[in-house]
Every structure is written in structure tokens, then in C-alpha cells.
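Fold and contact review
Here are the chains, one letter per residue:
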Amino acid sequence: MNSKEIIKIENLGVQYEGQTALRDVNISFYADDFVGIIGPNGGGKSTLVKSIMGLIPHSGTISFLGEVAGKHHIGYLPQQNLFDKSFPISVLELVMSGLQADKGFGRYGREDKNKALAALEKVGIKHLAGRQIGELSGGELQRALLGRAIISEPRLLILDEPANFVDNQFENELYNL
């Protein structure tokens, strides 16, 4: 199989306050790869993800589809413990916020709402569109965050502990999706 290279990382290095978090990381990811990154707490997993997404300074090169990597074309499902459930936003608004990289901070239109409803349908919680995120169970919030990650139809989807808070049935659906 001759898959297209999606991400190429060359000599990646990251330091926090003079401490080396990553050094000389070289790896490529290809279309249709399904990759798990495992390791101990403090092992650099989140640092690698943040580097790929362009969220932290680093040395070396990260190329995405042959261009310098950034936030575009990447969907991200964060760990729930890093997400503020008390923020006053509806499920529909949360999912639409996944369009901000392309849209900026403009108002959402009918097309955006329809995309969000379609994403909620895919993850099985369209009926919760008007509910506040603080009212959701852990599994429902995970589904809403997945809807946010997929609404922009990203070329790369990064899932940080995606099976947390979901039941076995949806875990299988999540990986199929």
C-alpha cells in the first residue's frame, strides 16, 4: 500500500523553562493511519500533540500535507478534564465553534447551523443541540466534543483519550466514524 504522507516530523525538539520535553523526534504519519501514542505521564505525549497542532514553540520541522503545520485541517478532541463544563454555551454552539479556524470570530449562519446539526447527528446527540454543556453526562459531552472536532471535515483527527466517559457501544461507533 502506497499511502500519502500527511505529517512529517523532523528533528522535533521542545523545551519548557530549560527542561527538554522532546528531543530529536522523527516520524511520519500517512493517510488512513490509526496511531496510538502511549507512554507514562510526563512522557511528552501531549507535548507532541500540541507541537503538531502548532500550539507551542518548538525546534525542527513539522510539515502537514507538504506545508508547515498549523491548526488548519486538524480536528482535535481534547481530554475532558481540560475542558470547562461551566462555560455557558449550548451543545450546538460548542459544535459550531469547531468552524472558527476557517471562519474567525464572525457570526454563524444557517449553513453553519446545518453543519453542526449534521455533526451532532453523526455522533448521535442531535436531540441535545439546545442543551447547555454543563447539563451533559460525561459520555454526552465527549460526543459533543467529537462533533466539534469533525464539523470542519479535517484531514487529520487527533483524539486525546477519546474513550473516556463513553460506553462500549459508542466507543465502537467512535472508531468507525
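Before reading further, recall that the structure is shown in the block above.
One structure accompanies this document, and this report is about it. (Residues numbered from 1 in each chain as written. Predicted model: local features only at pLDDT ≥ 70, side-chain atom pairs only at ≥ 80, totals over all residues. Heavy atoms only, no water.)

Overview of the layout of surface pockets
Basically, it comes down to this: Buriedness for pockets is judged along seven lines, at least five of which must meet protein on both sides within 12 Å for an open set on the 1 Å grid over protein atoms alone, while cavities are sets there where a 1.4 Å probe fits but cannot get out, and lining residues have an atom within 4 Å of a point. Grid points are joined across faces, edges and corners, and a volume is the space filled by probe spheres set on the points. Only DSSP runs of H or I covering at least 4 residues are called helices, and only runs of E covering at least 2 are called strands; the numbering of each starts at the N terminus.
Approximately 1,500 Å³ is the volume attributed to the largest pocket. Around the largest pocket, the lining comprises 46 residues; the ones closest to its centre are V35, L156, L157, I158 and L159. The set of elements that each furnish at least two residues to the lining of the largest pocket consists of β1 (5-16), β2 (19-30), α1 (45-52), α4 (110-122), α5 (138-150), β6 (156-159) and α6 (168-176). Here the element with the most residues in the lining of the largest pocket is α1; it accounts for five residues.

Considerations on α1
What counts, and what does not: Only protein chains enter the area calculation, which uses a 1.4 Å probe; residues under 20% of their type maximum are buried, those over 50% are exposed, and those in between are partly exposed. Residues are treated as being in contact if the distance between any of their heavy atoms lies within 4.5 Å.
Those residues of α1 not exposed but buried are T47, L48, V49, S51 and I52. Elements that come into contact with the buried residues of α1 comprise β1, β2, β3 (59-64), β5 (74-77) and β6. Looking one or two residues past α1, G54 carries a phi angle of roughly 75 degrees, positive in sign.

A look at the pattern of salt bridges
Where charged atoms from two side chains of opposite charge approach closely, those side chains can pair. Under the convention used in this document: Any carboxyl oxygen of Asp or Glu within 4 Å of a side-chain nitrogen of Lys or Arg constitutes a salt bridge here.
Applying the stated rule across the entire model yields three salt bridges. The partner of E121 in a salt bridge is K126, with the nearest N and O atoms 3.9 Å apart. In this structure, E135 and R131 form a salt bridge, with 3.9 Å as the shortest nitrogen-oxygen distance. For R131, a relative accessible area of 33% corresponds to the partly exposed category.

Section: the environment of S97
Positionally, S97 belongs in the loop between α2 (91-96) and α3 (100-103). Owing to a relative accessible area of 13%, S97 belongs among the buried residues under this scheme. Sequence separation between S97 and Y108 is eleven residues, and the spatial gap between their C-alpha atoms is 9.1 Å. Other than its neighbours up to four places away in sequence, S97 contacts Y108 and R148.

Overview of the pairing of β1
We apply this condition: Pairs of strands are assigned from DSSP output, requiring at least two bridges between the strands.
Pairing geometry for β1 and β2, over eight bridges, is antiparallel. Note that in β2 the partner of I7 across the bridge is F29. Counting the residues in the hairpin turn of β1 and β2 gives two residues, including E17, whose phi is positive at 50 degrees. Inspection of the sheet shows β1 paired to β3 by five bridges, in the antiparallel sense. Its bridge partner lying in β3, I9 is registered against I62.

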